Amino acid sequence: MTLKKNSGSKTISNTKEKRKTSPSTNELIQGILSGDAASLAKAITLVESTRKENLQTANTIIEKCLSSKNESIRIGITGVPGVGKSTFIEALGKLLTSLNKKVAVLAIDPTSTETKGSILGDKTRMPELVKDSNAFVRPSPSGTSLGGVTRKTREAIILCEAAGYDVILIETVGVGQSESLVHSMVDFFLLLKLPGAGDELQGIKRGIIEMADAIVINKADGDNQKAARIAKIDFNQALHLYPPKADGWVPKVLLCSALQNEGVNAIWNLIEDHNLQSRQTGSFIARRKQQNKYWLLQTVEDRLKRDFYENPTIKAELEKMMVSVMDNQISPFAAAESLLARYKKKSN
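Numbering of residues begins from 1 in every chain and follows the order in which that chain's sequence is written. Per-residue local features of the predicted model are confined to residues with pLDDT of at least 70, and side-chain atom pairs are confined, for both listing and counting, to 80 or more; whole-chain, interface and lining totals are unaffected and use all residues. As a convention, hydrogens and water are excluded, and side-chain values are obtained from all of the structure's heavy atoms.

**Q** I'm lost on the overall build of the protein chain in this one. Help?
**A** By definition, any uninterrupted DSSP run of H or I lasting at least four residues is a helix, any uninterrupted run of E lasting at least two residues is a strand, and each is numbered from the N terminus. Each helix and strand in the protein chain was counted, giving 15 helices and 7 strands. All accessible areas in this document rest on Shrake-Rupley with a 1.4 Å probe, and a residue is counted as covered only by the protein chains that are shown. Counting only carbon and sulfur atoms, one obtains 54% of the accessible surface of the protein chain, whose full area is about 19,300 Å².

Right, here's the structure in full:
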């Protein structure tokens, strides 16, 4: 009996001790600025939280880190499931850390629409990179965000830059809806494709090709080599049909085998060429300014949407309106107007 009581007392004591040692906001900020990965992870968790009590803390951390962030290269990587994004990112990440660069990977895992759960298995798919002291791999659930880009990815980028990471890699789920969101937060947009996957050009949206700064045919090894070369020719011909980019950059098509670690160096050299050119022409700064403007407007929209749906009066009225709309007693448009008018009156 005595042993059980002592064991219970120790458990309670340990729990209290953990609570007492939880880092304060200032400690988290100092930890991030000193490059502490644990502090960075905790701060991103706060930023991703939907709890109101964490919002102010997260905003304070973001504001303090914003002025201390370094000039990293932000790279968006997209492609259909199975194209080898995780393998490619690990190969690229290991190359970069071998060049004494600090790499942060923000990998988005799809959230189930049924269970609302996520596997968050990117760390298991990048075992070598996870163990690298110069790398930080952060899987995050996509939630309800289109295409798997979370609403807080932009803030996570800022925190990673403040922690001293030179290259930020953003991996998307690759379901066709996320590309414009990724493009709005990165300096270089890379599209991964598979060789021999049917009609290469029919299965891809025009807008994605227009946004891509490079198209990489992955898994170009073994029996896939011939199909990869044909795909490269097809995409090169397609790119010539598009108008030149505003910044003067001419997108390239490259072959790669991330599994065999072939062609990865050439891809990084291309990204560096793009970075150098964009800085020389001033398009790098111009793009960053436009990104900040976009995310200001996006944040306002997100905040208004959240406040609208969390308003107690609106919640109650919305339930009634949904029943009326489903029973064809009122049109969806009239119902929306009524709800917005009520919200506006309540806000005033």
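Don't stop here, the text continues.
**Q** In this structure, what is going on with helix α11 (residues 225-239)? I would like to understand it.
**A** Along an α-helix, a turn takes 3.6 residues, which lines up residues three or four apart on a common side. Under the convention used throughout, the expected extent of a helix is 1.5 Å for every residue step, that is, one less than its residue count. Its 15 residues place the ends of α11 21 Å apart at the C-alpha level, agreeing with the 21 Å of an ideal helix rising 1.5 Å per residue. Along α11, the residues that are buried comprise Ala228, Ala231, Phe235, Ala238 and Leu239. One side of α11 holds all its buried residues, which, seen down the axis, span an arc of 90°. Accessibility here uses a 1.4 Å probe with only protein chains present; expressed as a share of the type maximum, an area under 20% marks a residue as buried, one over 50% as exposed, and anything in between as partly exposed. Directions pointing from the helix axis toward each C-beta atom define the arc.

**Q** Quick question: what am I supposed to make of the pairing of strand β6 (residues 214-217) here?
**A** Two faces make up the sheet, and in a regular strand the side chains alternate between them. Because side chains alternate across β6, one face comprises the buried residues Ala214 and Val216, and the other comprises Ile215 and Ile217, equally buried. Strand direction decides the pairing type here: strand β5 (residues 188-193) and β6, joined by 4 bridges, are parallel. Paired with Leu191 across the bridge in β6 is Ile215. For two strands to be treated as a pair, DSSP must find no fewer than two bridges joining them.

**Q** Would you take a moment to explain the side chain of Arg288 for this structure?
**A** Counting through the fold element by element, Arg288 comes out in helix α13 (residues 283-310). A relative accessible area of 9% means that Arg288 is categorised as buried. Pairs of residues are marked as contacts when any of their non-hydrogen atoms sit within 4.5 Å. Not counting the four nearest positions on each side in its chain, Arg288 is found in contact with Lys69, Glu71, Ser72, Arg74, Glu161 and Asp187.

**Q** Explanation requested: unusual backbone geometry in the structure shown.
**A** Most peptide bonds are trans, and most residues other than glycine sit at a negative phi. The phi dihedral of Asn100 is positive, around 65°, even though this residue is not glycine. Mapped onto the secondary structure, Asn100 falls in the loop between α5 (85-98) and β2 (103-109). The class for Asn100 is exposed, based on a relative accessible area of 67%. One non-glycine residue, Asn328, lies in the positive phi region at around 60°. Counting through the fold element by element, Asn328 comes out in the loop between α14 (312-326) and α15 (332-347).

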